[in-house]
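# Structure at a glance
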Amino acid sequence: VTVNRTLARLRQAGYVNTKPYRAIFLTDTGRKLAEECKRRHETVAAFLRKLGVSEKMAELDAEGIEHHVSPETLAAFERLLKKS
């Protein structure tokens, strides 16, 4: 039930296309959002590694931080990473 409700919300938001008993496909909008989420995760993880956090812990911590970090803070992370 939870999966069906989630897919219905994603369909209504325009992120996926689905057909019964078929694969789920990202729309262009869904793909763009997925790429942005991936970029946020990679930026946060890279920043944490730059601070000396282990690879494994940086990946785990980035999973939570990426959902709460502001665009301003994310931009600051990116600027710092570009400097090094």
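Quick summary incoming for the structure in this document. Every residue gets a number counted from 1 within its own chain, in the order that chain's sequence is written. In keeping with the predicted nature of the model, local features appear solely for residues at pLDDT of at least 70, side-chain atom pairs appear and are counted solely at 80 or more, and the whole-chain, interface and lining totals rest on all residues. In computing side-chain values, all of the structure's heavy atoms are included and hydrogens and water are not.

### Some remarks on the overall build of the protein chain
Put simply, DSSP H or I for four residues or longer makes a helix, DSSP E for two residues or longer makes a strand, and each gets a number counted from the N terminus. Looking only at helices and strands, the protein chain has four helices and two strands in total. Listed N to C, the secondary structure of the protein chain is α-β-β-α-α-α in terms of helices and strands. In this setup the radius of gyration rests on C-alpha atoms only. A globule is expected at 2.2 Å times the number of residues raised to 0.38. Rg of the C-alpha trace for the protein chain: 16 Å, well past the compact-globule value of 12 Å for 84 residues, more than 25% over. Overall, the protein chain is about 50 × 25 × 20 Å in size when its C-alpha atoms are taken along their principal axes. For every residue, the accessible area (1.4 Å probe, protein chains only) is compared with the maximum for its type, and the residue is labelled buried under 20%, exposed over 50%, or partly exposed between those bounds. Each of the 84 residues in the protein chain was classed as buried or not, and the buried ones make up 20%. Whether two residues touch is decided by their heavy atoms; if any such pair falls within 4.5 Å, the residues are in contact. The contacts in the protein chain between residues at least 6 apart in sequence include a share of 33% that link residues at least 24 apart. Computed with the Shrake-Rupley method and a 1.4 Å probe, the accessible areas treat only the protein chains shown as cover for residues. As displayed, the protein chain offers around 6600 Å² of accessible surface, 57% of which is attributable to carbon and sulfur atoms. Positive charges come from Lys and Arg, negative ones from Asp and Glu, while His and the chain ends are left out of the count. To locate a charge, take atom NZ for lysine, CZ for arginine, CG for aspartate or CD for glutamate. Averaging the positions of the 16 positive and the 11 negative side-chain charges in the protein chain gives two centres separated by 6 Å.

### Details of the nonpolar core
As used here, the term nonpolar core means buried Ala, Val, Leu, Ile, Met, Phe, Trp, Tyr and Cys residues forming a set that is joined through side-chain atoms within 4.5 Å. Val 44, Ala 45, Phe 47, Leu 48, Ala 58, Ala 62, Val 69, Leu 74 and Phe 77 together form the largest nonpolar core, which totals nine residues. With four residues, the top contributor of residues to this core is helix H2 (residues 28-50). Excluding residues within four positions of it along the chain, Leu 74 makes contact with Arg 39, Arg 40, Thr 43, Val 44 and Val 69.

### Side note on the pattern of salt bridges
Think of a salt bridge as a Lys or Arg side-chain nitrogen and an Asp or Glu carboxyl oxygen that are within 4 Å of each other. Considering all chains together, one arrives at six salt bridges under this definition. Residue Lys 38 pairs with Glu 42 through a salt bridge whose shortest N-O separation is 3.7 Å. One end of the pair is Lys 38 and the other is Glu 42, both in helix H2 and four residues apart, which spans about a single turn. Accessibility expressed as a relative area gives 53% for Lys 38, which makes it exposed. Take Glu 42: its relative accessible area is 42%, and that puts it in the partly exposed class. In this structure, Arg 49 engages Glu 55 in a salt bridge whose closest nitrogen and oxygen atoms are separated by 3.5 Å. The class for Glu 55 is partly exposed, based on a relative accessible area of 46%. Overlapping salt bridges, with partners in common, bring together Glu 36, Arg 39 and Glu 78 in one network.

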